[in-house]
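Structure at a glance
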Amino acid sequence: MVDYINSNIHTYIEELKDFLRIPSISTSEQYKNDMLRGADFVAGKLKDAGLKNVKVIKTPKHPLVYADWLNAPGKPTVLIYGHYDVQPVDPISLWDSLPFEPVIKNGKIYARGATDDKGQVYMHIKSVEAYLKTTGKLPLNVKFIIEGEEEVGSDSLENFINTNTKTLRSDAILISDTALYGPGIPTITYGLRGLAYLELQVTGPNRDLHSGTFGGTIANPINVLAEIISKLMNKNGHINIPGFYDDVVKVTKKEKENFKSLGFSEKKFAKEIGVKKLKGEKGYTTLERSWTRPTLDCNGINGGFTEEGAKTVLPSKAMAKISMRLVPNQDPNKIAKLFTKYIKNITPPTVSLKIKNLHGGYPFLTPLDDKAMVAGANAMTKAFGKKTVFMREGGSIPIVTVFTKKIKAPSVLMGLGLNTENLHSPNEHFDLNHFHLGILSSAYFLQEYAK
Ligand code: BES
Ligand code: MN
Ligand code: MN
């Protein structure tokens, strides 16, 4: 089987290119048909791989793809999850090649979705195919559920999990939608941050005004918004919202030691992202800040005159999008309420305020000693020929906690991406050596977990 994978890797890469040519952007109505094409592509490849019951399931937004192979009675069942939707491509001018015309440079494939998450989904389809083509069977039962709304909140999949829990019933969930600790380092991720994402709109006068005639007589919504934002966090990076930290689980000594053993270089990290100096909550290392502490960030801000030159105007409105990354055991709904209450408290009576709760997700943390986690670590160790490390992640995959609660099975995050592969930004790419090792890791996982 390993020989089969090794000798077919070039075909797999060509097929992955076809997958990457489909602009399956989930955020905009404009790509609805491409989303369908994305789902059909996944379904077609699952069928070719030898899976049964392949279905494209319609939803109010974007289709889900389901498939299974359940001919190993008495053996455990693994549910493989991933997403075929991708992020928008803007700003397109910063791409060196077109986002939906994949090119290979220095062993990396460049395209939107290469690492997040099409390349990683494809590894699992090919590992199952290699298994079935070489041995005629799998060592255990496998189900696939591949969604098209991960980047927009996974509403349809959440609904499907709640209403079709039995269909998805499994003993473990295998997910490749995270990163390796570093190039060539086999890694299992055991924690994710959650998310609360809100939008603030501040309105002053009923229309834009001359900044000479009216300047100094009313509150400027942009100034007010800036004032509000400045009150959200103090100098030490501590978030001022009352009750915000109440449910935060402290990082254990053992974890801190594990983080230390990873040999993280703050210098290299800063250099790679091009900042002069790092900044974060006082009293924590960069890894602790990213993996174990909640944050608050402005993701976008808008208001007034932003074109070339100077226009003397007082804007009627100003808007900001604010996200909070959450850690166990913070609850996104509770945090959104606390945030809203605090914002209302600090907003002056000179403006009116609208707050929209855009979306949320629960954080995730799982024990390392579960059978499925051990199988995942062993599988990667075998594929890479190196000992697997464990880490947490600052990003979010909200559906993981829904799986945990409903399916009541452990999720193994066996990600093969790298955080330097520009996910969500221009020139996204995926290391093809990791793609290859990911197919092997996936195949070994089925073997290891079947034991
Ligand atoms: N695959 C990412 C999550 C991720 C990010 C893993 C960074 C490892 C490193 C996922 O597709 C994603 O982008 N998640 C969103 C969730 C949001 C849209 C609800 C995120 O973290 O912003
Ligand atoms: Mn992803
Ligand atoms: Mn993403």
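1. Looking at the sheet that holds strand β4 (residues 103-105)
Whenever strands of a sheet pair, they do so through backbone hydrogen bonds, lying parallel or antiparallel. A sheet is described by the order of its strands in space; here three strands give the open sequence β4-β5-β18, paired in antiparallel fashion. Each edge of the open sheet carries a strand with a single partner, namely β4 and β18 (429-431). Within this sheet the neighbouring strands show an average axis-to-axis angle of 25°, counted without direction. As paired elements, β4 and strand β5 (residues 108-110) share three bridges and run antiparallel to each other. Note on β5: the bridge partner recorded for I104 is I109. Across the face of the sheet, helix α3 (residues 114-135) comes into contact with β5 and β18 while running at roughly 45° to β18.

2. Observations concerning the domain arrangement of the protein chain
Domain annotation for the protein chain reports domain 1 (2-192 + 363-450) and domain 2 (194-248 + 294-358). Measuring from the centre of the C-alpha atoms in domain 1 to the corresponding centre in domain 2 gives 36 Å. Listed as interface residues are eight residues of domain 1 and, on the opposing side, seven residues of domain 2. Across the interface of domain 1 and domain 2, roughly 500 Å² is buried in total on both sides, 62% from carbon and sulfur atoms. Its largest share of buried area at the contact with domain 2, domain 1 owes to P363, R392 and S396, together 73% of the area lost on that side.

3. Some points on the coordination of the manganese ion (ligand 3)
Taken together, D116 (OD), E151 (OE), E151 (OE) and H424 (NE2) make up the full set of protein donors to the manganese ion (ligand 3), lying 2.0 to 2.6 Å away. Geometry at the manganese ion (ligand 3) is irregular, judged from its six donor atoms and the angles of 55 to 154° they form at the metal. Sequence positions of the donors to the manganese ion (ligand 3) reduce to the motif D-x34-E-x272-H.

4. A few points about the coordination of the manganese ion (ligand 2)
Ideal donor angles around a metal are set by the shape: a four-donor tetrahedron calls for 109.5 degrees, a six-donor octahedron for 90 or 180 degrees. On the protein side, the manganese ion (ligand 2) has H83 (NE2), D116 (OD), D177 (OD) and D177 (OD) as donor atoms, found 2.0 to 2.5 Å from it. Mapped onto the sequence, the donors of the manganese ion (ligand 2) take the spacing H-x32-D-x60-D.

5. With respect to empty space enclosed by the protein
By the definition in use, this model includes one cavity of 30 Å³ or more. As a volume, the largest cavity reaches approximately 30 Å³. Taken together, I80, Y81, G82, D117, Q120, V121, H124, F144, I146 and S176 make up the lining of the largest cavity. Of the residues forming the lining of the largest cavity, the biggest block, four residues, is contributed by α3. Among the residues forming the lining of the largest cavity, the class breakdown is five nonpolar, four polar and one charged.

6. A word on the site of ligand 1
Near ligand 1 lie 17 residues; those nearest to it are E150, D177, R325, S396 and H424. At a separation of 3.2 Å, an oxygen atom of ligand 1 approaches a polar side-chain atom of E151. Residue S396 places a main-chain N or O atom 2.8 Å away from a nitrogen atom belonging to ligand 1. When the free accessible area of ligand 1 is taken as 510 Å², the share hidden by the protein chains comes to 89%. Looking at side-chain class alone, the shell around ligand 1 contains four nonpolar, seven polar and six charged residues.

7. Here's the deal with the pattern of salt bridges
Per the counting criterion, the structure on display carries 14 salt bridges. Salt-bridge contacts for K17 lead to E14; the nearest nitrogen and oxygen are separated by 3.4 Å. Highlighted residues: K17 and E14, both in helix α1 (residues 2-20), separated by three residues, approximately one helical turn. Given a relative accessible area of 14%, K17 falls into the buried group. Among the residues examined, E14 registers a relative accessible area of 44% and is labelled partly exposed. Through salt bridges that share partners, E15, K126, E129 and K133 make up one connected network.

So, how was this worked out
- Residues numbered from 1 in each chain as written.
- Chains lettered and ligands numbered in written order.
- Predicted model: local features only at pLDDT ≥ 70, side-chain atom pairs only at ≥ 80, totals over all residues.
- Heavy atoms only, no water.
- Pairing = 2+ DSSP bridges.
- Helix = DSSP H or I, 4+ residues; strand = E, 2+ residues; numbered from the N terminus.
- Axes fitted to C-alpha atoms, helices over the stretch in contact; angles between N-to-C directions.
- Contact = heavy atoms within 4.5 Å.
- Domains from an automatic or database assignment.
- Buried area = accessible area lost by both parts, 1.4 Å probe.
- Donors = N, O, S within 2.8 Å, 3.2 Å for Na, K, Ca; no water.
- Tetrahedral: all angles 85-135°; square planar, octahedral: opposite > 155°, others 65-115°.
- 1 Å grid on protein atoms, 1.4 Å probe; cavity = no way out; pocket = protein on both sides within 12 Å on 5 of 7 lines; lining within 4 Å.
- Points joined across faces, edges and corners; volume = space filled by probe spheres on them.
- Nonpolar A, V, L, I, M, F, W, Y, C, P; charged D, E, K, R; others polar.
- Near = heavy atom within 4 Å.
- Polar contact = N/O pair within 3.5 Å; in protein donor to acceptor, adjacent residues only side chain to side chain.
- Areas by Shrake-Rupley, 256 points an atom, 1.4 Å probe, with all protein chains shown as cover.
- Salt bridge = Lys/Arg side-chain N within 4 Å of Asp/Glu carboxyl O.
- Buried < 20%, exposed > 50% of the residue type's maximum accessible area, 1.4 Å probe, protein only.

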